[in-house]
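Observations on the three-dimensional arrangement
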Protein chains: 2
Amino acid sequence: MEPRGPVSVSAVLPAGGSGERLGGATPKQFCAVQGRPLVSYAVRAMERISWISDIIVVVSPENIETMKTIIEKYGHRRVTVVEGGITRHRSIFNGLKVFAEKEFSSHLLQKPEVVIIHDAVRPFVEEDIVSKVVMAAKEHGAAGAIRPLVSTVIASAADGCLDHSLERARYRASEMPQAFLFDIIYEAYQQCTDYDLDYGTECLHLALKYCKTNAKLVEGTTDLWKVTYKRDLYAAESIIKDNLSQRVCVITKGKESLAQVGFLLPESLKNQIKVEAISVSPSKNDSHLQNIISGQCYNFVCVNDKRCAIQEIQELVDMLEKSNTPLLYPVVLISVHLDISENNSFSIGMEDITTIKKFARETKKKNILVYGLLIQYKVQSMI
Amino acid sequence: MEPRGPVSVSAVLPAGGSGERLGGATPKQFCAVQGRPLVSYAVRAMERISWISDIIVVVSPENIETMKTIIEKYGHRRVTVVEGGITRHRSIFNGLKVFAEKEFSSHLLQKPEVVIIHDAVRPFVEEDIVSKVVMAAKEHGAAGAIRPLVSTVIASAADGCLDHSLERARYRASEMPQAFLFDIIYEAYQQCTDYDLDYGTECLHLALKYCKTNAKLVEGTTDLWKVTYKRDLYAAESIIKDNLSQRVCVITKGKESLAQVGFLLPESLKNQIKVEAISVSPSKNDSHLQNIISGQCYNFVCVNDKRCAIQEIQELVDMLEKSNTPLLYPVVLISVHLDISENNSFSIGMEDITTIKKFARETKKKNILVYGLLIQYKVQSMI
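Procedures and definitions
Residues numbered from 1 in each chain as written. Chains lettered and ligands numbered in written order. Predicted model: local features only at pLDDT ≥ 70, side-chain atom pairs only at ≥ 80, totals over all residues. Heavy atoms only, no water. Contact = heavy atoms within 4.5 Å. Buried area = accessible area lost by both parts, 1.4 Å probe. Salt bridge = Lys/Arg side-chain N within 4 Å of Asp/Glu carboxyl O. Helix = DSSP H or I, 4+ residues; strand = E, 2+ residues; numbered from the N terminus. Pairing = 2+ DSSP bridges. pLDDT = per-residue confidence, 0-100. Phe/Tyr/Trp six-rings, centres within 6.5 Å; stacked < 30°, edge-to-face > 60°. Buried < 20%, exposed > 50% of the residue type's maximum accessible area, 1.4 Å probe, protein only. Lys NZ or Arg CZ within 6 Å of the ring centre and 35° of its normal. Least-squares fit on C-alpha atoms with pLDDT ≥ 70 in both. Core = buried A, V, L, I, M, F, W, Y, C linked by side-chain atoms within 4.5 Å. Axes fitted to C-alpha atoms, helices over the stretch in contact; angles between N-to-C directions. Parallel < 35°, antiparallel > 145°, perpendicular 65-115°, else oblique. Left-handed = near helix turned anticlockwise from the far one by under 90°. Nonpolar A, V, L, I, M, F, W, Y, C, P; charged D, E, K, R; others polar.

Where an unreviewed UniProt entry is consulted, chain A appears under the name D-ribitol-5-phosphate cytidylyltransferase, with the organism given as Zosterops borbonicus.

The interface of chain B with chain A comprises 50 residues on the first partner and 50 residues on the second. Of the roughly 4,300 Å² buried between chain B and chain A, counting both surfaces, carbon and sulfur atoms make up 55%. It is B:I154, B:L162 and B:R231 in chain B that bury the most area against chain A; as a group they hold 16% of the surface buried on that side. At the boundary of chain B with chain A, the tally comes to 0 salt bridges. Among the secondary structure elements, those contributing two or more residues to the side of chain B that touches chain A are β7 (142-148), β8 (152-156), β9 (162-165), β10 (171-181), α7 (203-211), β11 (216-219) and α8 (230-245) of chain B. Examining the composition of the side of chain B that touches chain A, we find that 7 residues originate from one element, α8(B), more than from any other. Relative to β8(B), strand β10 (residues 171-181) of chain A runs antiparallel, the two being bridged by 4 bridges. Across the sheet, residue A:R172 finds its bridge partner in β8(B), namely B:I154.

Averaged over every residue, the pLDDT of chain A is 84; the share at 70 or more is 83%. Across chain A, strand β6 (residues 114-117) of chain A holds the top mean pLDDT of 98, while strand β13 (residues 274-279) of chain A sits lowest at 70.

Residue and element names in this part refer to chain A. Taken as a whole, this structure holds 12 aromatic pairs over all chains when the rule is applied. Residues Y195 and Y199 carry aromatic rings whose centres are separated by 4.8 Å and whose planes lie at 40° to one another, so their mutual orientation is tilted. Highlighted residues: Y195 and Y199, both in helix α6 (residues 194-199), separated by 4 residues, approximately one helical turn. For the pair Y195 and Y199, one class covers both residues: exposed. Lying over the aromatic face of Y41, R36 brings its terminal NZ or CZ to 5.6 Å of the ring centre. Sitting over the face of the ring of F93, K97 holds its NZ or CZ atom 4.4 Å from the ring centroid.

Let us now look at the pattern of salt bridges. A side chain of one charge can pair with a side chain of the opposite charge if their charged atoms are brought near each other. All names here are of chain A. Overall, the coordinates contain 20 salt bridges over all chains when judged by the stated rule. In this structure, the salt-bridge partner of K209 is D196, at a minimum N-O distance of 3.4 Å. Note that K209 is positioned in helix α7 (residues 203-211) and D196 in helix α6, a separation of 13 residues in sequence. One network of salt bridges, with partners in common, ties together R88, D119, R122 and E175.

Turning our eyes to something else, we now look at the relation of the copies chain B and chain A. Between chain B and chain A, which share one sequence, the superposing operator has a rotation angle of 180° and an axial displacement of 0.0 Å; the RMSD is 0.2 Å. The symmetry that links the two subunits is that of a two-fold axis. Identified as the residue of chain B closest to the rotation axis by C-alpha distance is B:A235, at 2.3 Å. A share of 100% of interface residues in chain B that are also interface residues in chain A marks the association as one of identical surfaces.

What follows covers the nonpolar core. Within the largest apolar cluster, 39 residues are counted, with the highest numbers of intra-cluster contacts made by A:V39, A:M46, A:I52, A:V57, A:M67, A:I116 and A:V130. For this core, the leading source of residues is helix α4 (residues 127-140) of chain A, giving 6 residues. The contacts of A:V39, once residues within four sequence positions are left out, are A:A15, A:Q29, A:F30, A:V57, A:M67, A:I70 and A:A120. Grouped together as the second largest cluster of nonpolar side chains are 38 residues, B:V9, B:I52, B:I70 and B:V79 included.

Glancing now at the pairing of β9(B). Residues and elements named next belong to chain B. Here β8 pairs with β9 via 3 bridges, running antiparallel. What sits directly across from A155, in β9, is H164. Remark: 5 residues form the turn of the hairpin made by β8 and β9, two consecutive strands paired antiparallel; G160 in that turn has positive phi of roughly 80°.

The subject of this paragraph is helix α1 (residues 38-47) of chain B. Counting buried positions over the 10 residues of α1(B) gives 10, a clear majority of the element. Among the residues of α1(B), B:L38, B:V39, B:S40, B:Y41, B:A42, B:V43, B:R44, B:A45, B:M46 and B:E47 are the ones counted as buried.

Residues and elements named next belong to chain A. Taken N-terminus to C-terminus, the directions of helix α3 (residues 88-97) and helix α5 (residues 182-191) make an angle of 130°; their axes are 10 Å apart at the nearest point. Accordingly, the angle class assigned to the pair α3 and α5 is oblique. Along this stretch, α3 crosses α5, giving a crossing that reads as left-handed. For the pair α3 and α5, the contacting residues are H89, I92, F93, L96 and K97 in the first and F182, I185, Y186, Y189 and Q190 in the second. Among the residues making up the contact of α3 with α5, the classes are represented as 7 nonpolar, 2 polar and 1 charged.

Residues and elements named next belong to chain A. M176 connects to P177 through a cis peptide bond whose omega is 5°. Its location among the elements puts P177 in strand β10. Unlike most non-glycine residues, R78 shows phi in positive territory, near 60°. Secondary-structure assignment places R78 in the loop between α2 (64-73) and β5 (79-83).

We now examine the pairing of strand β6 (residues 114-117) of chain B. Look at any regular strand and the pattern is simple: side chains alternate between the two faces of the sheet. Residue and element names in this part refer to chain B. With burial as the criterion, each face of β6 is covered, one bearing V114 and I116 and the other bearing V115 and I117. Sheet analysis places strand β1 (residues 9-14) next to β6, joined by 4 bridges and oriented parallel. Residue pairing for β6: S10 is matched across the bridge by V115. Across 4 bridges, the pairing between β6 and β10 is antiparallel. When the bridges of β10 are listed, V115 appears paired with F180.

In structure tokens, the structure reads:
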């Protein structure tokens, strides 16, 4: 859902953390989940939202090249990599500067009306919550997603004993995404002290303290959590696997009769599985299909009206192989051969079966499982 | 590590929650993780600690039979099932009553000096932190494990806008286990209001409010988190799998020469893997071995001095099959045949190889992988 009214929106993703809570040498945003770095999932989540203009990823100096490689490898678009500071706030401030200060960037990016701040280690944000937060920021100047507290929060006294516990219902965990009118958050960062920049963590706090802007709080969904510990990487991996198995891409060529099937099939599948239906030839230049493949779709149904469409299937297999999708899980590729002629002019012969069987044996070695399906039916003419 | 000084300790595990945050009909404590309900892991974590006398599991009336079945199936000991109330505090209070009120239980359990309160949905608690919390409770009257906050905590105003954010460093998340001098927490529950019982969640708060006891806060480890959402179940499953693959049981029979190997092997393995070494015959009556098997150990090394120890291996396979361990992952069973005679009196023949191969083929169908290893060496006599 696009935010109501004309509003220009860009996003800043701080990705400079060292991930010390995770244990291990790799900062968590660069840890591979299903073969793909976590930061790439977060970038993709933003990138999928068409009304976000620029995505600024802020990384520490030593990771700039790594980040650029990731952007190239996964074909991310609209992304600018910016060098971060030594703390979270300093990194976000650097990210904002590319919209405001000429000397900071080789090309000054268009200053957005609203800027989203999200985290590189929150891979599962959906358009709906981003849109809600942006709309609230447009109205209130600042907004952020919140979640109920999982544990009671307590204050300790100097002696390491309980001072008091907070009443859980009155408090919330501040999560991401957050969004701000650009001028407000930029003003807040310009005014805030070194102490804020070095020890603070909460952008909503800066907007309140320096611009008297009380952020609107938006109840978020359960998937907004931040990957902090190793167990969170495990969880992220399982969620991604779950999502993969529940997604199918239906490919049909331009012909009218096939396009109709390509429309009806997704309609009947969509209650059980997330379906992306496209009507293209699986040629190498189709960017939409490329995006679906790099989005790690593992199930394809190709509908065609040829007796044996090995060539088209071969093209898709080539695309899968040439994409950077790690084939950790079997890709299922169902080739549906529709015989929609009035006289059922073709019938499948031993030769065709042998051809597709042989082809399937070869692709199986690459972890791609090919199935063939022939459907014959008579087109009934209206009387 | 046993708490210093003589102290009698029992534990109460509230397991009455409905798990509404998880989504799905099964309360999370009864959700299967690697084929075993979550509550069974938490019970086992307590049960493994030898100095905990009684473990009270408090469940809602409709789950009493389920809980009793779990206790029987997984061979839990020292566990008493108690009917819970409609809230967490009421359930914990019910759990405490079995130590104090004759009319509440068919047999009054021995009142402990210190009572641990833990959660059924926290499967990974280690003896070390439990011991620390118990010792702190003995000294201070109350104690609880804490963790740093993952997200900033904020207070919202009535209009749904940010009122203020808390300085993260000053606050902590209150986790479990907690422990109390029994008389203090029981007194607190007896005095507290219906409002506390219905809307409160924090036992440390009750001890402070009604007994003026400022609980000692003990920094906990990362594994203390509570299974709350579906992603936490995923994480728990991955952690359990990780633990399984990193555990091996070395079994040797009583003979001196073998026992020596049984000592040296674990010593050299223990840097890479968690080793439990036992010196027994894998007969059906050995409760230690039974415990290891029901603890879902998936790797065994059996050291013996026979030419072909199929019978002993068979006994272990029988135990594995008869245990309730779900054989979801291959069990690896390495049979080491030590030839420690001075003249290398036996050599392995085709017949022996055939026998063990055939045996291995059969067990493989049951997801148990048997390997045989023959080691010959000469005992050097001192001159």
